[in-house]
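# Structural features, examined
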Amino acid sequence: SLDRDSYNKVNDYLKEKLESFIKYEFSSGWYIRNDIFAYYLMKEKDKVLSVIRNIQNQGLKIALWGLGINGNIMLQFLIKNNIDLFCIIDKSTKKQGQKLGEYIIESPEKMLSKVDVILFTSNKIYEEMKDELKNNRAKLLNIYEIVDIV
């Protein structure tokens, strides 16, 4: 049994996991989710937020690229930490036009000329898009490189 004092000593990641047993039905399979990226964001929270807020303080428009598992986790992280994006971009025509919170998922063709920084949450997609977007005016930012920036 976990008493209140012990519970208060565990980190936020473990608290979230413990609370999930109460919030969600076991049959939903919530415990199977791959949440390594969520753990990375929790661990590097201050560095990630510092870089993103610095970008915003320069008046630059940030787009989040892709709404896969990591993109959704990143979006929730940003919302939770009061970070506003200019837009969300996804190449999937099935996702384009869908509304997610206050954002409408846009096509790259429509938004690339309007943003200053594109934030990627997948190393694989970042590497794939780096060459394709090399002539675009926006700076490409891989979330995993943020800790090296600070």
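Data block above holds the structure.
Now for a description of the structure that goes with this document. Because the structure is predicted, anything quoted here is derived from the model rather than measured. (Residues numbered from 1 in each chain as written. Predicted model: local features only at pLDDT ≥ 70, side-chain atom pairs only at ≥ 80, totals over all residues. Heavy atoms only, no water.)

Helices and strands together make up the secondary structure of the protein chain, namely eight helices and six strands. When the helices and strands of the protein chain are read in sequence order from the N terminus, they spell out α-α-α-α-β-α-β-β-β-α-β-α-β-α. Here the protein chain holds 150 residues, and the buried ones make up 39% of them. Sequence separation of at least 24 residues holds for 52% of the intrachain contacts in the protein chain that already meet a minimum separation of 6. (Helix = DSSP H or I, 4+ residues; strand = E, 2+ residues; numbered from the N terminus. Buried < 20%, exposed > 50% of the residue type's maximum accessible area, 1.4 Å probe, protein only. Contact = heavy atoms within 4.5 Å.)

On to the pattern of salt bridges. Across all of its chains, the model carries eight salt bridges by this definition. Between glutamate 132 and lysine 91 there is a salt bridge whose closest N-O contact spans 3.6 Å. Highlighted residues: glutamate 132 in helix H7 (residues 123-132) and lysine 91 in the loop between strand S2 (87-89) and strand S3 (99-100), separated in sequence by 41 residues. The class of lysine 91 is partly exposed, set by a relative accessible area of 45%. Across the salt bridge formed by glutamate 127 and lysine 130, the nearest N and O atoms sit 3.1 Å from each other. Here lysine 130 and glutamate 127 lie together in helix H7, a separation of three residues that amounts to about one turn. The exposure class assigned to glutamate 127 is partly exposed, which follows from its relative accessible area of 45%. Residues joined in a network through salt bridges with shared partners are Lys43, Glu44 and Lys47. (Salt bridge = Lys/Arg side-chain N within 4 Å of Asp/Glu carboxyl O.)

Moving on: the nonpolar core. Across soluble globular proteins, you tend to see nonpolar side chains buried next to one another. One finds Met74, Leu119 and Ile143 to be the most contacted residues of the largest nonpolar core, which totals 25 residues. Those elements that provide at least two residues to this core are helix H3 (36-43), helix H4 (45-57), strand S1 (62-65), helix H5 (69-80), strand S4 (103-106) and strand S5 (117-120). Looking at this core element by element, the count peaks at five residues for H4. Setting aside residues up to four positions removed in sequence, leucine 119 forms contacts with Ile52, Ile62, Ala63, Leu64, Trp65, Met74, Leu141, Ile143 and Ile146. (Core = buried A, V, L, I, M, F, W, Y, C linked by side-chain atoms within 4.5 Å.)

With four bridges joining them, S5 and strand S6 (residues 139-142) adopt parallel strand pairing. In the sheet register, leucine 119 faces S6, and the bridge partner there is leucine 141. Following the chain from S5 across H7 to the adjacent parallel S6, one finds a crossover that is right-handed. (Pairing = 2+ DSSP bridges. Right-handed = clockwise from strand over helix to strand, strands pointing away.)

For S2 and S4, the ladder comprises two bridges, and the chain directions are parallel. Along S4, the bridge assignment pairs isoleucine 89 with glutamate 106. As judged from the two bridges shared by S3 and S4, these two strands associate in the antiparallel manner. Bridging across to S4, lysine 99 finds its partner in isoleucine 104. Linking S3 back to S4 in an antiparallel pair, the connection comprises two residues, with glycine 101 at a positive phi of about 65°.

In short, shape yes, function no, at least from these values alone.
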